[in-house]
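Chains, contacts and geometry: an overview
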Amino acid sequence: MFRSRSWFGGGWGRPKNPHSPEHLKYLYNVLVKNHTVSEYNRGLLVESLRSIAEILIWGDQNDSSVFDFFLEKNMLSFFLRIMRQRSGGSSFVCVQLLQTLNILFENIRNETSLYYLLSNNHVNSIIVHKFDFSDEEVMAYYISFLKTLSLKLNAHTIHFFYNEHTNDFPLYTEAIKFFNHPESMVRIAVRTLTLNVYKVEDASMLAFIRDRTAAPYFSNIVYFIGKHIQELDACVRNDADHQSQNRLSDLVAEHLDHLHYLNDILCLNITDLNQVLTDHLLHKLLIPLYIYSLSPQHKRDTPSSTSSSSSTPPSTSSGVPGELNAKVSSVVALFLLSQVFLIISHPPLIRTLAWIILKTDKVLVTKGVDKLLEQCEEDAKDTPTGGVSSTPRTEKEESEKDEEEELSEPDVTNVTDEEKEKMATPVPVQTEAAAMAEKPFLEAVLNALDCNENDYAALFAFSLLYAMANNKGVTPDLIELILRPKKSVIAASNSSAGAGGSTKDVKYAYNNLLVDRILHVMMQSCQPQCRVRLVTLELCLKLLGQLVTCDGRNILSEPHRASVESAKAQSTGQVRNFYKSEEIFLDMFEHEYCDMSKGSLNVEWLCMDSAILLPPTGTPLTGIDFTKRLPCGEVERAKRAIRVFFLVRDLVLQLNGEVETQLPLTNPHVCVQIDQALDLNNSDLIACTLSMKDGMKLRRFLVIDILQLILVEPDTKRLGWGVAKLVGFLQDIEVSGDKDDSRCLHITIHGHLTRTAGRAAPLLSAKFVFDDNIRCMAAKQRLTKGRIKARQKKMQQIARLLDIPGQTGPPSPAYVGSYRGAASASASRDSRPLFTSGRVPGFAAPRREHGVVHRADERRRRESDSPSRIAMTNSKKENNGVTRARSREPSGSRKSREGSPRMPRPRSEEIPLELIKRAPASGILDMSPKVTMPRPPRAETPKLEATRSDDSALNAETPPKTGQKDVDVVSITSEETSFTFPDTHGQTTTTMTTTTRAITSVQEETPSRRSSAKGTIETV
C-alpha cells in the first residue's frame, strides 16, 4: 500500500518551501547520493539542477545564506564532475547543466554573489571542457553560456577569466574557434562576445589579444569574407532568371553582418587592434578584391599571393590564410563598395579607399597594392587631412581650418582681372574627360552611368558616388570638385575695386562631366520606352541636388538649367498622354504622390535589398517592388510617368528655392475631422439609420459637403450643432440601391490615401435606411453627383498642374475653406437648406451642373457666341426693345464650366418622371400668377426657343404642324421634368406656376436671315 521512497524517488523529509536554504541542503544530499549518472537517475539529477538554479536566484535577492552554503559545499565541483562522466545519459544531463548555468549567470544581480560563483576557477574549467558539439542542443547552450559570461565582463571580473601569469584567456580563445560556424546564431554570438571583450579597458588583456590572437583571427575573418563574396558573385552570375532569390538574400545579409561587425570593432578606437584590422582589410580584401574588380583591364601585381579554390583557408608558415586571386564582376564590386562606404566610417580606412578610387592613375595601378598604399601615405604627408596615418579631426577643427583658408585667400590683392577670369572659368568638359581617363577606377565608375541598354550598373554607380560624398570619414578636400561643388573666393585688385577698397568675388564650380552624365540619365528617364528604373532616377536626382547646391544656392550653368527644364517639360508631356486614357488616373495620381511623400529614398536600406543585384526585370511575378523594376502594362507605365513627373518637379522646386503649393490635391488638415463640432443650422440634413453587418444599428444624420460625406449625431450641449462621427471623401464612396427596399442604400466609404497607408479595409460598409423612398433617392442623387463633382474638381487641379490648355478655374475647395468648429463654423460655410417651406426632396429645379456640360448646351452656346448670331441678336434688340435677363451666375463660373471635362450626365442622378405630376392632356397649363408679354408682328411663323443664362437653357425648337397658322411650340425644361404646349394666339401668352425661374425666348427665322428676341419671366 505504501511505496518505499529513497533519494532516487525524492526522499523522505522534502521541505515544503522550495525557496529556502533547507531545500538547497536537501538537493545537495541528492547530488551526493547520485554522484554517478545513469539511465535511472538522470531525470532526478536534471530536476535537481533546475531547482538549484531557482534557489540560488531567489537567495541572491532575499537570503545571502543560500550562497554561503553553496560555496561552503563547493557545489560547482559536482557540476564539473557530472560533465566529465562518459556514462549513459551524461549528454542529457550536460544540456540541463549548461542551461542551469546560463540561467544562473543571466539572473544574478548581486556583485558579491557573482564573485562567489566565479571563484575557484571552476567556470574556466567548464569553458575548456570538451563537450560533444555534434549535438546541436549542446552547441546552442554552450555558446549561449559563453555569451552570457561575456556580458558580465568589466574591469573587475576580467581577472576571473584572463590569467595574466599563465597568459591564458579561455573565454575568448575558445569562442573565436566558432567564428565561421555554419549556424548563424553561433556566429552572431561569437561576434557579440568578442565585442564585449574588446570593450573592457584592460591593457594586459588587450596586449594578449593583439600579440597572440589579432593577426590570425582577423586574417581568418578577411579570408572567409572573401570566400563569401565569391559565392555571392557566383549566385548573381548564375541566377539571371531570379530563381535563387532566397539564397542571394542570405548571402547579402551575411555580408552586411560582416561589415557591421568590422565597423563596430573600428569604432571602439583601440589603436593597436584598428591598425592590425585595417592592414588586413586593405591588403587582402578591399583593394585586391573590391576595387580592382572595378576595372577588368587592369590586373593586380601580387607576386606573393597564392590562389586557392578549396573551402578551407590555405595556411602559410604563420598559420594565416593566403590571399584570393579571383575577381568578381564590376556590378557586384560596385554594390559591395557602396555597402562599405555606407556602413564603415573609420576615417583612415575610408580616406584610403576614397583616395585610391578618385586619385589613382593608370601607372600606379599596375604596381600593385603595396605601391598604392605607399603613394597614399606620401600624399597623406602632403595633405594632413587625409591618408591612413592622419589623426581624425573634429568638425569644429575642420570648420575653423576652412575659415582660415577662406580668409587667407582674399589677402592676395595683386591678382589681375585676367587671372581672376582664368581662375573662375570652369574647366572644359573635354579636359575633364581626359583627366578622368587617366584615373581607371573613377573612369570605370563614370562609365557605369551609361543607361542606353539598362540601368543595371548605373544604380550601383550612383550608390557608390552618393555613399562616398556623404561618408563622414572622407575629407572635403578629397572629394571637392568631384563629388562636391568648389567655392573660390577671389580678391579684387585695387584698380578694379576703386576708391571704396577691396571687394571679394565668390565663384562656384562643379564637376561638369558628372553633371552631364546625370542629366543624360534624367533625360532618358523622361522618354516613353526608357529602361531606367524609378529608384535609379530618384538616386540620380538626389546626387544632382548635392552636386549643384552650395551655400543654399543653385549654381547650375545656363545650359544645364535648360536641360533640367527640358526634362520637366518631357515628363509633363508623358503624364498628359495618360490624363484621359486611364479611367483611374486620379486614383493613380494621388496614390503615387502619397507613396512619394512617405519619405525620401534611404540609400543604405536600398543597398540592403538583394533583389537589385539581379538584372532588371519587368514582371511583377518576382515580388520585386515597383520602383526597383521596369513597368509592366499600360497601368504601370502611367504610374511610372506620374512618379517621374513628381520627382523632376520636386527637383526643379528645390533648385529654384520654391515651396510646393499645389500638392497634395486635398489638404487633410483643413477638412472636417472626427469628433469635430459643426454648426448645422440652415444645412442640408438627411436622417438615416445605419445597419451594420454585425447587427448594430445607429441613428445618424447625413451631411454632404463639397468634398466630404459626414455622418453626425446631435450635440447634446448646443442646439443646431452636431458632432462628426465618421468622415469620408466623396470621391471614395460607392453607392448602390437595394432591390428589395426602395428606402435603403448600400454605401461603402473607402479610406483616403492621405489618411491611411492603403485601402485594405473600407472605413464603413453598411446599409443606410431612410425615412421614405424620396429621401433615399435624394441622398443617392446628391452622393452620386457629389462624387462626380469632387473628382472633376481634382481633375481640373491636375489639368492646371500639367498646363493643359483650357483648364482654368478656382483652386481646390480644400484650400479655400471648409467646416470650422465652434464659433467660426457658420461664418465660413455656404448653407444649402434641403427642407424649406413648400419644398420636398426631389423637387423640380433648374439645372445647376457645375463642371458638367451637355452636348446640347455646348451646341447652343457655340451658336449664341458666333458673330452672326450676336449681330442678329443685337439687331433684334434695337428693333423690338427687348432686354435680356442677366444671368444669376458670375462669368467666372461659366468660364470654369466651359473649361471642365465634358461628361454625359449619369442616369443614376435623375428622379423618375413618374414621381412628378405631369401636365394636363390638353397641353394648356393654367398657372398662376399670369404674366403676359407682347410679341412684335412677324412675317412668318417663328421658331421659339427658350434659353437660360446659367448653361441649362429651356429649349423650344419644334417645327409647327400642318394646318396651323402661327403656332409656336414652347418647351419648358427644368432640372428633372419638361412640359410642351402650343400657343395659337396672335401674340404669345405664357402662364407658369412653378417654384423655379424660367426664361422664354421667341425667335423668328426667315430664309435670308435669323433674328431673335428674348424675354424673361420671373415667377414665384
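Residues numbered from 1 in each chain as written. Predicted model: local features only at pLDDT ≥ 70, side-chain atom pairs only at ≥ 80, totals over all residues. Heavy atoms only, no water.

So, about the pattern of salt bridges. Going through the model one piece at a time under the given rule, you end up with 30 salt bridges. When the shortest N-O distance is used, the salt bridge between Arg210 and Asp211 registers 2.9 Å. Since its relative accessible area comes to 31%, Arg210 is described here as partly exposed. A salt bridge links Arg210 to Asp272; the nearest nitrogen and oxygen atoms lie 2.7 Å apart. (Salt bridge = Lys/Arg side-chain N within 4 Å of Asp/Glu carboxyl O. Buried < 20%, exposed > 50% of the residue type's maximum accessible area, 1.4 Å probe, protein only.)

Our next topic: the packing of aromatic side chains. Inspection of the entire model under this criterion finds 28 aromatic pairs. Taking NZ or CZ as reference, Lys639 lies 4.8 Å from the ring centre of Phe626, over its face. Taking the ring centre of Phe729 as reference, the NZ or CZ of Lys794 above it sits at 5.6 Å. (Phe/Tyr/Trp six-rings, centres within 6.5 Å; stacked < 30°, edge-to-face > 60°. Lys NZ or Arg CZ within 6 Å of the ring centre and 35° of its normal.)

Where strand β6 (residues 686–691) and strand β7 (residues 697–704) come together, 6 bridges link them in antiparallel fashion. Its bridge partner being in β7, Ile686 is matched across the sheet by Leu702. (Pairing = 2+ DSSP bridges. Helix = DSSP H or I, 4+ residues; strand = E, 2+ residues; numbered from the N terminus.)

Moving on: the pairing of β7. Here β6 folds back onto β7, and the loop between the two strands holds 5 residues, one of which, Gly695, carries a positive phi near 95°. Direction of pairing for β7 relative to strand β8 (residues 708–714): antiparallel, over a ladder of 4 bridges. Note that in β8 the partner of Phe701 across the bridge is Val712. What sits between the antiparallel neighbours β7 and β8 is a turn of 3 residues.

Glancing now at helix α3 (residues 65–72). Residues that lie three or four places apart on an α-helix share one face, since the helix turns once every 3.6 residues. Inspection of α3 places Val66, Phe67, Phe69 and Phe70 among the buried residues, and these make up the whole buried set. Viewed along the axis of α3, the buried residues span an arc of 160°, placing them on a single side of the element. Looking at the packing, one finds that the buried side of α3 touches α1 (21–33), α2 (42–62), α4 (76–83) and α6 (111–118). Residue Asn74 follows α3 closely and has a positive phi angle near 50°. (Arc of directions from axis to C-beta. Contact = heavy atoms within 4.5 Å.)

The next point concerns the packing of α3 against α6. Each pair of packed helices can be described by the angle between their axes along with the distance between the axes. Between α3 and α6, whose axes approach to 10 Å, the crossing angle comes to 10°. Of the possible angle classes, the one that applies to α3 and α6 is roughly parallel. When α3 is examined against α6, the residues Phe67, Asp68, Phe70 and Leu71 are found in contact with a partner set consisting of Ser113, Tyr116 and Leu117. A breakdown of the residues in the contact of α3 with α6 according to their chemical character gives 5 nonpolar, 1 polar and 1 charged. (Axes fitted to C-alpha atoms, helices over the stretch in contact; angles between N-to-C directions. Parallel < 35°, antiparallel > 145°, perpendicular 65-115°, else oblique. Nonpolar A, V, L, I, M, F, W, Y, C, P; charged D, E, K, R; others polar.)

So, about the sheet that holds strand β11 (residues 744–749). Strands sit in the order β5-β9-β8-β7-β6-β12-β11-β10 across an open sheet of 8 strands; the sheet is antiparallel. The open sheet is flanked by β5 (677–679) and β10 (733–737), the only strands paired with a single partner. When strand polarity is set aside, the average angle formed by the axes of neighbouring strands in this sheet is 40°. Sheet topology note: the β6/strand β12 (residues 764–770) ladder contains 4 bridges and is antiparallel. Bridge assignment links Cys688 to a residue of β12, and that residue is Phe770.

As a further point, take the nonpolar core. Phe169, Tyr198, Ile287, Tyr290, Phe341 and Phe585 are the most contacted members of the largest nonpolar core, which totals 220 residues. Among residues more than four places away in sequence, those in contact with Phe169 are Ile158, Phe161, Tyr162, Val197, Met205 and Phe208. (Core = buried A, V, L, I, M, F, W, Y, C linked by side-chain atoms within 4.5 Å.)

Looking now at the state of the cysteines. Going through the model one piece at a time under the given rule, you end up with 0 disulfides. Here Cys451 is not cross-linked by a disulfide; its sulfur's nearest cysteine counterpart is in Cys540, at 7.9 Å. (Disulfide = S-S within 2.5 Å.)

Structural measurements only, silent on function.
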